[in-house]
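Below are the chains, spelled out letter by letter.
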Amino acid sequence: MNITPDRYDAIVVGVGGMGSATVYRLAERGLDVLGIERFDVPHTHGSSHGSTRIVRLTQPEDPSYVPLARAAYDNWAELERQTGRTLITRTGSIHASAPEAELFTDARQSVETHGIEHEILTGATVNERFPGYDLPSEYRAVYQPDGGFVDCEQAVIAHVEAAHEAGATVRARERVLDWRETRNGVRLKTDKGVYEADDVVFTTGAWTGDILPEIAHELTPVRRIMAWFQPKKPDWFQPETLPVFSLAGERGNGYGFPVHDVPGFKFGREPALPNAVDPDEMPPEPTAAEEELHREFADAYFPDGGGPTLRLRTCVYTASTDGHFVLGSHPNRDGVHVAAGFTGHGFKFTAVIGDVLADFVVNGTTDHTVELHRIERLLNANE
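The rules behind the values
Residues numbered from 1 in each chain as written. Predicted model: local features only at pLDDT ≥ 70, side-chain atom pairs only at ≥ 80, totals over all residues. Heavy atoms only, no water. Helix = DSSP H or I, 4+ residues; strand = E, 2+ residues; numbered from the N terminus. Rg over C-alpha atoms; globule rule 2.2 N^0.38 Å. Buried < 20%, exposed > 50% of the residue type's maximum accessible area, 1.4 Å probe, protein only. Areas by Shrake-Rupley, 256 points an atom, 1.4 Å probe, with all protein chains shown as cover. Pairing = 2+ DSSP bridges. Axes fitted to C-alpha atoms, helices over the stretch in contact; angles between N-to-C directions. Contact = heavy atoms within 4.5 Å. Phe/Tyr/Trp six-rings, centres within 6.5 Å; stacked < 30°, edge-to-face > 60°. Lys NZ or Arg CZ within 6 Å of the ring centre and 35° of its normal. Salt bridge = Lys/Arg side-chain N within 4 Å of Asp/Glu carboxyl O. Expected span 1.5 Å × (residues − 1). Disulfide = S-S within 2.5 Å. Polar contact = N/O pair within 3.5 Å; in protein donor to acceptor, adjacent residues only side chain to side chain.

Within the protein, the regular secondary structure consists of nine helices and 19 strands. On C-alpha atoms alone, the protein measures out to a radius of gyration of 21 Å, which is about the 21 Å that the 2.2 N^0.38 rule sets for 383 residues. Referenced to the eigenvectors of the C-alpha coordinate spread, the extents of the protein come out at roughly 70 × 45 × 45 Å. Burial status across the protein gives 57% buried among its 383 residues. With the model as given, the accessible surface of the protein reaches about 15,700 Å², and the carbon-plus-sulfur share is 45%.

On the basis of which strands lie adjacent, the open sheet formed by three strands has the order 3-8-4 and antiparallel pairing. Taken across any chain shown, the strands that pair with only one partner, and hence form the sheet edges, are strand 3 (52–55) and strand 4 (88–90). Each strand of the sheet is rotated relative to its neighbour by a mean of 30 degrees, with strand direction disregarded. Judged from the three bridges that link them, strand 4 and strand 8 (residues 148–151) form a sheet pairing that is antiparallel. For I88, the partnering residue across the bridge sits in strand 8 and is V150. Strands strand 3 and strand 8 of the sheet are contacted by helix 5 (residues 152–165), whose axis makes an angle of about 50 degrees with strand 8.

In this section: the packing of aromatic side chains. Scanning all chains against the criterion turns up 24 aromatic pairs. Feature note: the residues F130, Y133, Y143, F229, F237, F245, F265, F267, F297, Y301 and F302 constitute an aromatic cluster, connected by ring pairs. Of note, K266 hangs over the ring of F257, and the distance from its end group to the ring centre comes to 4.5 Å. Here the guanidinium or amino end of R295 rests over the ring plane of F229, the centre of that ring lying 4.1 Å away.

In this structure the tally under the stated criterion is 22 salt bridges. Salt-bridge contacts for R85 lead to E161; the nearest nitrogen and oxygen are separated by 2.8 Å. Here R85, found in the loop between helix 2 (65–83) and strand 4, pairs with E161, found in helix 5; they are 76 residues apart in sequence, far enough to count as distant. One salt-bridge network, in which partners are shared between bridges, spans R25, E28, R29, E78, D355 and D359.

Okay, the sheet that holds strand 15 (residues 252–257) next. Spatially, eight strands are ordered 6-7-5-14-15-16-13-17 in an open sheet, and the strand pairing comes out mixed. A strand with exactly one partner marks an edge of an open sheet, and here the two such strands are strand 6 (119–122) and strand 17 (309–320). Sheet twist, expressed as the average angle between the axes of neighbouring strands with direction ignored, equals 20 degrees.

Its 19 residues give helix 2 an end-to-end C-alpha distance of 27 Å, which sits within 8% of 27 Å, the value for a rise of 1.5 Å per residue. Inspection of helix 2 places Y65, V66, L68, A69, A71, A72, Y73, N75, W76 and L79 among the buried residues, and these make up the whole buried set. Of the residues trailing helix 2, G84 is marked for its positive phi of about 75 degrees.

Moving on: the state of the cysteines. A complete count under the given rule lists zero disulfides for this structure. In this structure C152 is not part of a disulfide, and its nearest cysteine sulfur, from C315, lies 9.7 Å away. What makes C315 buried here is its relative accessible area of 7%.

The topology assignment puts R269 in strand 16 (residues 265–270). Of note is the side chain of R269, whose polar atom sits 3.0 Å from the backbone oxygen of R251. Separated by 3.4 Å, the side chains of R269 and E296 make a polar contact.

Assignment of secondary structure puts F130 in the loop between helix 4 (123–129) and strand 7 (140–144). Residue class for F130 comes out buried when judged on its relative accessible area of 9%. Measuring from C-alpha to C-alpha, the distance between F130 and F237 comes to 9.0 Å, with 107 residues separating the pair along the chain. When neighbours within four sequence positions are excluded, F130 is seen to be in contact with I94, Y143, T241 and P243.

Right, let's get into unusual backbone geometry. Across the junction of V41 and P42, the peptide omega takes the value -10 degrees, indicating a cis bond. Residue position: P42 is located in the loop between strand 2 (33–36) and strand 3. A positive phi is found at R173, a non-glycine position, where the angle reads about 55 degrees. Along the chain, the position of R173 falls in the loop between strand 9 (169–171) and strand 10 (176–182). Residue R173 is classed as exposed on the basis of its relative accessible area, which comes to 53%.

Helix length check: helix 7 (residues 288–301), at 14 residues, gives a terminal C-alpha distance of 20 Å against a target of 20 Å (1.5 Å per residue), a fit within 8%. Buried residues of helix 7: E290, H294, R295, F297, A298, A300 and Y301, and no others. Looking at the packing, one finds that the buried side of helix 7 touches strand 13 (219–229), strand 14 (244–249), strand 15, strand 16 and strand 17.

Further remarks concern the pairing of strand 7. Where burial is concerned, most of strand 7 is hidden: four out of the five residues are buried. One ladder, built from five bridges, connects strand 5 (residues 93–97) with strand 7; its direction is antiparallel. Across the sheet, S97 pairs through a bridge with R140, a residue of strand 7. One ladder, built from four bridges, connects strand 6 with strand 7; its direction is antiparallel. Looking across to strand 7, one finds that I120 is bridged to V142.

The following block contains the structure:
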């Protein structure tokens with residue numbers, strides 16, 4: 001029996017952080033858009049859950065991220081106005097390490113290059129000003145007052161609500177089984193139907209390598225743990241008193257947040273070695289050893305935040321080989337676009353990545369500063 005596929009201008013596969021923003025921005029431009037998500041909207045199987053994600057203008061990854069971060073801030077504010085949801089909470093941000101360590105020197109370079117308001121603080125000054133911290137006094141920190149966090153689940157919800165308002169269709173609990181290029185675009189078969197479109201955008205996170213095998217070896221799904229501990233001194237771990245942080249220390253590297261949405265001081269610690277996983281087979285529950293790894297970090301740098309464990313969650317993000325994003329139109333596949341490899345620091349850019357991908361679909365290029373992230377660098381390296 002022949003099945004006549006439903007036809008769209010564009011299909012977005014994966015409606016998490018990046019995909020929800022892309023569905024919205026494409027629909028906003030007048031395209032007939034379908035978003036397909038194999039899990040719920042929002043869900044807890046990728047890297048768009050856990051209540052909070054850091055937003056910051058300080059970009060130690062590379063100064064060229066700063067214009068993209070500024071554009072994201074503008075788009076977050078626009079989305080808040082449109083949906084009436086509060087998505088961004090400003091707490092200030094801290095990037096701290098030994099004075100000679102790359103985290104501090106690169107963070108300072110990024111704000112100095114772009115003339116961003118900031119202060120250089122000693123560890124002792126950080127501790128005095130923000131007593132939830134207990135940094136070595138000789139450490140140095142870049143404090144930037146505009147940093148804070150985005151409520152990640154609410155961000156996905158807001159983008160989907162805005163997409164619906166603009167006329168998009170989003171189908172959850174529907175898995176793409178196969179896809180192929182056609183003379184008129186692309187065709188996708190799911191476990192519930194067949195769809196065609198002029199363009200397809202893959203925002204599929206840790207599953208991107210399965211869909212685009214030519215870049216699979218450039219993308220590594222990595223399992224991480226998020227922890228929430230009861231603060232011993234709750235007043236020191238509120239949004240008004242604890243800036244979000246990125247910390248590279250002798251006792252471990254980590255990041256964290258004040259209390260928000262659910263009880264507890266939330267933070268994550270980078271393990272000594274990457275924990276590459278199959279996202280369909282990875283252990284869903286944190287272990288006692290992983291809990292202890294996080295407790296050691298809290299005891300070292302945030303001892304008054306390290307009370308009883310309240311919550312542990314797993315997530316999986318996708319690391320690229322060079323640490324930068326994988327964005328753009330596939331040069332060897334007409335009508336195919338991708339956003340992947342956000343390496344654990346991408347969610348803050350969600351609100352602008354949707355714009356970037358819509359630019360590629362509609363115009364074939366973008367004016368946003370994404371040269372460092374173009375997919376061509378990975379494909380060209382393998383020729």
